[in-house]
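Residues per chain, in single letters:
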Amino acid sequence: MTANPDQDFVLKTVKSRDVHFVRFWFTDVLGTMKSFAVVPNELDDAFADGMGFDGSCIEGFCRTQESDMLAYPDASTFQVLPWRPESNAVARMFCAVRTPDGRPFEGDPRHVLARTVEKAQEMGYVFNVGPELEFYYFKDAEGTEVLDRGGYFDLTSLDYASDLRRDTVLTLEKMGIPVEYSHHENGPSQHEIDLRFTDALSMADAVMTYKLVVKEIAMKHGVYASFMPKPMADEPGSGMHVHQSLFDFDGNNAFYDPEDPQGYHLSKVAKHYVAGLLKYAPEFCVVTNQYVNSYKRLISGGEAPTYLSWASSNRSTLVRIPGYRPNREDACRIELRSPDPAANPYLAFAVMLAAGLKGVEDELELQPPTEDRDLFSLPRQDLRRQGFQTLPESLGEAVELFAESELMRETLGEHIHSYLVAAKRAEWNDYQGNVSAWERDRYLAVL
């Protein structure tokens, strides 16, 4: 019997809850969930020595001649899956992927985030995030027939999916994932469930669980849930606004300064952090917005930002300073509004944190806020002609900025950086000259 308390809890729970299969979860580089099942008798050995699998089968992992990988389960992530039967139950644990010699595998997205979080800790900070993930419900995975014609916060017969959201929230809470609130979004059959902020690694695990739960509950109700960034040309896209902050080890919010002369209650650390996000957002866009379809959402006239800007009350800026509780230290945070829910959360959180920390390290000066301009109404090309910097206009533009970024290469490691450059260049080249149906056929039934 293991002496590790978390591992001991797992082994006891497996017996007491009649768990017959434990799924080992991890993601490929693009953020697709991967899994294999382990029987209870193998758990002791898995905790000690990992479980082997063929890494050459995983997108972005390794070549065939370097394929042997080991998955080491993280006992602190153990949860019984509530949508599976209680008899002969199924549980899950997230895993760290390592090479046969015990080293962390450089292509493991979860390790990339853990490494970036460790850098923040070395600087004296805990990185907290709270994402808002939007998604659509469709009749099936073959098309975009919606279930309702509701709008923002509708609670009428139009909101056909109230029960789906309810079941999803209850399932998440059974798995120990706190939810702040849920509501109907602006688009027909579009919805949002917001998770309560926590440390970045726990939140990335929660986001992966959230996306799977949303799809599982939708399937249970006979419909299809999609996290595709822009599934319908004439309707709003789906975003993943990421609220983020740095706390010190004593629980103090490093972003909060009640004496901020600008009145935003932001410390110098926070302003340097935002400056880092604004400077490096074009370079990390291929991570936070990784598909051709992502850039159909990042367009002028939409509800997603394109201009490298920040403000408090202006929701058309890239970074917003939420002002719901301006005098509360624990509520002080910044919100990055460009990412979409098809991103790999491990890599997305890692590049955001790396950009912010770089701003803090280099003491980057924050540009003036943009409070009084509706940036949604200004075409990207007009903004550029006026000297304003913007996010990339396409996946092709984004991947070239990413390819030249030393910060992205340093943050993600040569393995993942090189893979994404090659994969996204190929995806962009494949798209060129094809009709828009290529996007729907390629993404809708996957994302």
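Here, every reference points to the structure presented above.
Just so it is clear, the structure is predicted and the values come from calculations on it, not from any experiment.

## Some remarks on the overall build of the protein chain
Next, step 1: The secondary structure content of the protein chain amounts to twelve helices and 15 strands.
Next, step 2: The C-alpha radius of gyration of the protein chain comes to 22 Å, within 12% of the 22 Å expected for a compact globule of 447 residues.
Next, step 3: Taken over the C-alpha atoms alone, the protein chain extends approximately 65 × 50 × 45 Å along its principal axes.
Next, step 4: For the protein chain, the residues scored as buried account for 57% of the 447 residues in total.

## Focus: a negative patch on the surface
Next, step 1: There is a patch of like negative charges on the surface, built from Glu42, Asp44, Asp45 and Asp49.
Next, step 2: With respect to the helices and strands, the residue glutamate 42 is situated in the loop between β2 (33-38) and α2 (43-49).

## Let's talk about the pattern of salt bridges
Next, step 1: Summed over the entire model, instances satisfying the criterion amount to 17 salt bridges.
Next, step 2: A salt bridge links glutamate 180 to arginine 196; the nearest nitrogen and oxygen atoms lie 3.5 Å apart. Of this pair, glutamate 180 sits in strand β8 (residues 179-184) while arginine 196 is found in the loop between β9 (190-195) and β10 (198-199), placing the two residues 16 residues apart along the sequence.
Next, step 3: Relative accessible area serves as the criterion here: at 44%, arginine 196 is assigned to the partly exposed category.
Next, step 4: The shortest N-O distance in the salt bridge between arginine 442 and aspartate 430 comes to 2.9 Å. With arginine 442 in helix α12 (residues 437-443) and aspartate 430 in helix α11 (residues 406-431), this pair connects stretches of sequence that are twelve residues apart.
Next, step 5: Classification of aspartate 430 as partly exposed rests on a relative accessible area of 38%.
Next, step 6: What you see here is one network of salt bridges that share partners, running through Asp74, Arg110 and Asp205.

## So, the nonpolar core
Next, step 1: Formed by 110 residues in total, the largest nonpolar core has its most connected members in Leu246, Val319, Phe349 and Leu420.
Next, step 2: Broken down by element, the residue count for this core peaks at 13 residues, all from helix α6 (residues 268-288).
Next, step 3: Listed in part, the 27 residues of the second largest apolar core include Val19, Phe36, Ala89 and Phe105.

## Re the layout of surface pockets
Empty space among the atoms becomes visible once a probe the size of a water molecule is rolled across them.
Next, step 1: Considering only enclosed or pocket space, the largest pocket measures out at about 600 Å³ in volume.
Next, step 2: As for the largest pocket, its lining consists of 25 residues, and the residues nearest its centre are Thr32, Met33, Lys215, Val446 and Leu447.
Next, step 3: Those elements that place two or more of their residues in the lining of the largest pocket are α5 (200-220), β11 (224-226), α11 and α12.
Next, step 4: For the lining of the largest pocket, the element with the highest residue contribution is α5, accounting for seven residues.
Next, step 5: Across the lining of the largest pocket, the residue classes tally to 15 nonpolar, two polar and eight charged.

## Describing unusual backbone geometry
Next, step 1: The phi torsion at histidine 265 lies on the positive side, around 60 degrees, for a residue other than glycine.
Next, step 2: Mapped onto the elements, histidine 265 comes out in the loop between β12 (240-247) and α6.
Next, step 3: In the Ramachandran plot, glutamate 363 falls in the positive-phi region, its phi being about 50 degrees despite a non-glycine side chain.
Next, step 4: Summarising the element assignment, glutamate 363 is placed in the loop between α8 (345-361) and α9 (380-385).

## What about the packing of aromatic side chains?
Next, step 1: Enumeration over the complete set of coordinates arrives at 15 aromatic pairs.
Next, step 2: When the ring of phenylalanine 135 is compared with that of tyrosine 210, the centres are 6.5 Å apart and the planes differ by 75 degrees; the resulting orientation is edge-to-face. Note that phenylalanine 135 is positioned in strand β7 (residues 126-138) and tyrosine 210 in helix α5, a separation of 75 residues in sequence.
Next, step 3: Residue classification places phenylalanine 135 among the buried residues on the basis of a relative accessible area of 0%.
Next, step 4: Residue tyrosine 210 is classed as buried on the basis of its relative accessible area, which comes to 0%.

## Concerning the environment of glutamate 397
Next, step 1: In this fold, glutamate 397 is placed in helix α10 (residues 395-403).
Next, step 2: The exposure class of glutamate 397 is partly exposed, given its relative accessible area of 26%.
Next, step 3: Considering only alpha carbons, one finds glutamate 397 and threonine 13, 384 residues apart in sequence, at a separation of 50 Å.

## Considerations on α8
Next, step 1: Counted at 1.5 Å a residue, the expected span for α8 with its 17 residues is 24 Å, and the 24 Å between its end C-alpha atoms agrees.
Next, step 2: For α8, the side-chain oxygen to backbone nitrogen distance between the N-cap and tyrosine 346 is 3.0 Å, and the N-cap itself is asparagine 344.
Next, step 3: Directly beyond the C-terminal end of α8, a positive phi value near 50 degrees is found at glutamate 363.

## Some thoughts on the pairing of β9
Next, step 1: With six of six residues buried, β9 is to be regarded as a mostly interior element.
Next, step 2: Residue alternation in β9 divides its side chains into two sets, Gln190, Glu192 and Asp194 and His191, Ile193 and Leu195, and both sets are buried.
Next, step 3: Pairing of β7 with β9, which is carried by five bridges, proceeds in the antiparallel orientation. By the bridge assignment, glutamate 134 is partnered in β9 with glutamate 192.
Next, step 4: Here β8 folds back onto β9, and the loop between the two strands holds five residues, one of which, serine 189, carries a positive phi near 65 degrees.

## Some details on the environment of threonine 390
Next, step 1: With respect to the element layout, threonine 390 can be found in the loop between α9 and α10.
Next, step 2: Residue threonine 390 is classed as buried on the basis of its relative accessible area, which comes to 9%.
Next, step 3: When sequence neighbours within four positions are dropped, the list of residues in contact with threonine 390 reads Pro282, Thr306, Tyr307, Leu308, Arg380, Leu383 and Arg384.

## Concerning the packing of helix α3 (residues 109-122) against α11
The description of two packed helices rests on the angle between their axes and on the distance between the axes.
Next, step 1: Across the interface, α3 lies against α11 with an axial gap of 10 Å and an inter-helix angle of 160 degrees. As summarised for this structure, α3 and α11 are arranged roughly antiparallel, according to the angle between their axes. Considering only the axes of α3 and α11, their crossing is right-handed. Contact residues: Pro109, Val112, Arg115, Thr116 and Lys119 in α3; Glu410, Thr411, Leu412, Gly413 and Ile416 in α11.
Next, step 2: The residue makeup of the contact of α3 with α11, split by class, is four nonpolar, three polar and three charged.

Cut-offs used in this document
- Numbering of residues starts from 1 in every chain and runs along the sequence as written.
- Per-residue local features are limited, in this predicted model, to residues with pLDDT of at least 70; the limit for side-chain atom pairs, both in listing and counting, is 80 or more; totals at the level of whole chains, interfaces and linings are taken over all residues.
- Only hydrogens and water are set aside; all other atoms, that is, all heavy atoms of the structure, feed into the side-chain values.
- In DSSP terms, a helix is any run of H or I states spanning at least four residues, a strand is any run of E spanning at least two, and both are numbered starting from the N terminus.
- Only the C-alpha atoms count toward the radius of gyration. The rule for a globule is 2.2 Å times the residue count to the power 0.38.
- We call a residue buried when its accessible area falls under 20% of the maximum for its residue type, exposed when it is over 50%, and partly exposed in between, using a 1.4 Å probe and counting protein chains only.
- Residues enter patches when they are more than 30% accessible in relative terms and free of salt bridges; like-charged ones are connected within 9 Å and nonpolar ones (Val, Leu, Ile, Met, Phe, Trp, Tyr) within 5 Å.
- Here, Shrake-Rupley sampling with a 1.4 Å probe gives the accessible areas, and only protein chains in the shown set may cover a residue.
- Definition used for salt bridges: Asp or Glu carboxyl oxygen within 4 Å of a side-chain nitrogen of Lys or Arg.
- Residues scored as charged are limited to Lys and Arg (positive) and Asp and Glu (negative), so that His and the chain ends carry no count.
- A charged residue contributes its charge at one atom only: NZ of Lys, CZ of Arg, CG of Asp or CD of Glu.
- What is meant by a nonpolar core is a set of buried Ala, Val, Leu, Ile, Met, Phe, Trp, Tyr and Cys residues, joined one to another through side-chain atoms within 4.5 Å.
- The rule is simple: put a 1 Å grid over the protein atoms alone, call a set of points where a 1.4 Å probe fits but cannot get out a cavity, call an open set with protein on both sides within 12 Å along at least five of seven lines a pocket, and count a residue as lining if it has an atom within 4 Å of a point.
- Grid points are joined across faces, edges and corners, and a volume is the space filled by probe spheres set on the points.
- Residues are grouped as follows: Ala, Val, Leu, Ile, Met, Phe, Trp, Tyr, Cys and Pro are nonpolar; Asp, Glu, Lys and Arg are charged; every other residue, Gly included, is polar.
- Planes of paired rings set the category: under 30 degrees apart is stacked, over 60 is edge-to-face and the rest tilted, where pairs are Phe, Tyr or Trp rings (Trp by its six-membered ring) whose centres lie within 6.5 Å.
- In this analysis, the expected span of each helix is defined as 1.5 Å times one less than the number of residues it contains.
- N or O atoms closer than or at 3.5 Å make up a polar contact, with two conditions inside protein: a donor-capable atom paired with an acceptor-capable one, and, for residues adjacent in sequence, both atoms drawn from side chains.
- Only when DSSP finds a minimum of two bridges between them are two strands counted as paired.
- Whether two residues are in contact is decided by their heavy atoms: any pair within 4.5 Å suffices.
- Structural elements are reduced to axes, namely lines fitted to C-alpha atoms, with helices fitted over the stretch in contact, and the angle between N-to-C directions of any two is expressed from 0 to 180 degrees.
- Here roughly perpendicular refers to angles of 65 to 115 degrees, roughly parallel to angles under 35, roughly antiparallel to angles over 145, and oblique to all remaining angles.
- Throughout, a crossing is termed right-handed when the near helix is turned clockwise from the far one, and left-handed when it is turned anticlockwise from it by less than a right angle.

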